[in-house]
Amino acid sequence: MTWELFLDISKRLKFCQNVAERALKQGNRRSYCFYKAMEAEQLVAKFQYGKAIQMLQKPFAILGELESVDQEEKNSMKLVKALLHYVKAHAFGCMQKNGDALSEIKTSLQQCKSVSGNSYFAARLVNQQGAIYMNMGKYMESLDCHLNAYEILKKSAASDLLLDVPTYLMNIGTGYSEMGKDVRQQKPLEAIKHFEKAIDYYDRSLSTEKRLHMDEYIKTALTLKNKAMAYCHLHRLSEGLRMAEQSLTIRRKYLPQKNPDVCRGLIFVAQIHYDMGREKQKSGDVGSVEEFQQAERYFGEAAEMEVSGRPDEGFPTVDYEALKHEYLDVLKRLCKNDELQRRKKIFMDFDRKVEKRSVSPRKQSESSQSEESTSGSSSNEEAEDEQQTHTEIKEESSRKKTRKEQLREASTKCSIA
């Protein structure tokens, strides 16, 4: 929907609240249920997953009570019920309750297709199903869903110039990127092909945004960051850095100063400089010092955001552990021992505060998933993701990943939306 791109969450939330209340006063209970579902979706975007699920209970109960002999009215109620299940699936997915999320989205799809077949709404549901499979690590199933969602959308509207198309193309790219990461140790040549396909779909997404006059906005930042990651996986760091810097510039322009997605963008740019510095250091290139200095600058700004508290109650981002490890290593390589000790103490104090809250690092929107979440669900880079959680420890090439690899894996997972 257009408002997902151009209205902030608070305004969308207030709009849904007002319309739902008016519908209830007028006795239009079906409309009330529809707008309560949309209101709950905004709560999901604000990380209030439990509250969103609770809000859906009353609309579900109302629809269970409504009866109609008119077939058109019955079909409308089915579609509203499908929307309720969709939002519930989105909330469960963000809570990493993937089994519940998959069950809800399948129910939603069944309700939707019984009325409208392969429609615009059905494409969104299939897109969401792909996000859930992505969270489950089922990358082939996820990619199949996103390809299917794109085809459904094109056939239902006989056009590819639709607001959701850039998102679906980006999600397909993310599917290929994750498949590339999954096989890069055992089948490096196959992985390269997957990353190249990912870049192709990211370019198609960006091109479609320009044709729709949607470019250079938040969604563009997510696609650029995902594209940057694909370049980095291909060891094309200079190209990746350029994409990452463009993504960060857009986020700084449109998001609040301490937004988690801005923080993650800073960390990502710092990590590329860090990797470039290590490569140059290994080859004896004195330019490594400049790269580490750039990494220090970006890591330092991100660290201040992490430990000083942000609008999302100060929970650390999924990149926080990687930030700590790599920032301290940069300071060590630059021989800044006093700053190294000072930062260590700051991180220790912050870690104690987080531990007292007894709350795990919150899933961010840069996805699938996400950081940002647009046109359905995120599978957020950020997702910024949109809309992520720490990656599970997996076996690669008959060995376990090192702690350092685990930290970097968590902070370089692409997002879908």
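Residues numbered from 1 in each chain as written. Predicted model: local features only at pLDDT ≥ 70, side-chain atom pairs only at ≥ 80, totals over all residues. Heavy atoms only, no water.

Some words on the packing of helix 5 (residues 57-65) against helix 6 (residues 71-94)
Geometrically, a packed helix pair is captured by the angle between its two axes and the distance between the axes. Put simply, the rule is: Note on method: axes are straight lines fitted to C-alpha atoms, helices fitted across the in-contact stretch only, with angles between N-to-C directions ranging 0 to 180 degrees. For helices the rule is a DSSP run of H or I covering at least 4 residues; for strands it is a run of E covering at least 2, with both sets numbered from the N terminus onward. Should an angle fall under 35 degrees it is taken as roughly parallel, and over 145 as roughly antiparallel, whereas 65 to 115 is taken as roughly perpendicular and any remaining angle as oblique. Two helices that cross are described as forming a left-handed crossing if the nearer one is turned anticlockwise from the farther one by less than a right angle, and a right-handed crossing if clockwise. Here a residue-residue contact requires only that any non-hydrogen atoms of the pair lie within 4.5 Å. When residues are grouped by polarity, Ala, Val, Leu, Ile, Met, Phe, Trp, Tyr, Cys and Pro land in nonpolar, Asp, Glu, Lys and Arg in charged, and all others, Gly among them, in polar.
Contact pair helix 5 / helix 6: the axes reach a minimum separation of 11 Å and the direction vectors enclose 155°. With respect to helix 6, the element helix 5 is oriented roughly antiparallel. Relative to helix 6, the crossing made by helix 5 is left-handed. Residues Pro 59, Phe 60 and Leu 63 of helix 5 form the contact with helix 6, whose participating residues are Met 77, Val 80, Lys 81, Leu 84, His 85 and Lys 88. Across the contact of helix 5 with helix 6, the residue classes break down as six nonpolar, one polar and two charged.

Here we look at the packing of aromatic side chains
Condition: Side-chain rings of Phe, Tyr and Trp (the six-membered ring for Trp) are treated as a pair once their centres are within 6.5 Å; stacked means planes under 30 degrees apart, edge-to-face means over 60, and tilted covers the remaining angles. Charge-over-ring placement is defined geometrically: NZ (Lys) or CZ (Arg) within 6 Å of the ring centre, and within 35 degrees of the ring normal.
With the rule as written, the count across this model stands at eleven aromatic pairs. Geometrically, the ring pair formed by Phe 15 and Tyr 35 is edge-to-face, given 6.2 Å between the ring centres and 75° between the ring planes. Taken together, the residues Phe 15 in helix 2 (residues 9-25) and Tyr 35 in helix 3 (residues 29-45) connect sequence positions 20 residues apart. Between Tyr 86 and Phe 121, the aromatic rings sit 6.3 Å apart at their centres with planes inclined by 80°, giving edge-to-face as the arrangement. Of this pair, Tyr 86 sits in helix 6 while Phe 121 sits in helix 8 (residues 120-135), placing them 35 residues apart in sequence. Taken together, the ring pairs in this structure connect Tyr 274, Phe 292, Phe 299, Tyr 320, Tyr 327, Phe 347 and Phe 350 into an aromatic cluster. Its guanidinium or amino end placed over the ring of Tyr 298, Arg 297 lies 4.4 Å from that ring's centre, counting from NZ or CZ.

Details of the packing of helix 8 against helix 9 (residues 139-157)
Close contact between helix 8 and helix 9 brings their axes to 8 Å; oriented N to C, the two are set at 170°. Here helix 8 lies roughly antiparallel to helix 9, going by the angle between them. For the crossing formed where helix 8 meets helix 9, the hand is left-handed. When helix 8 is examined against helix 9, the residues Tyr 120, Ala 123, Val 126, Asn 127, Gln 129, Gly 130, Ala 131, Tyr 133 and Met 134 are found in contact with a partner set consisting of Tyr 139, Glu 141, Ser 142, Cys 145, His 146, Asn 148, Ala 149, Ile 152, Leu 153 and Ser 156.

Considerations on the environment of Ala 302
When you line up the elements, Ala 302 lands in helix 15 (residues 288-308). Distance in space between the C-alpha atoms of Ala 302 and Gly 265 is 8.6 Å, their sequence separation being 37 residues. Setting aside its immediate chain neighbours within four residues, Ala 302 contacts Cys 263, Leu 266, Ile 267 and Leu 323.

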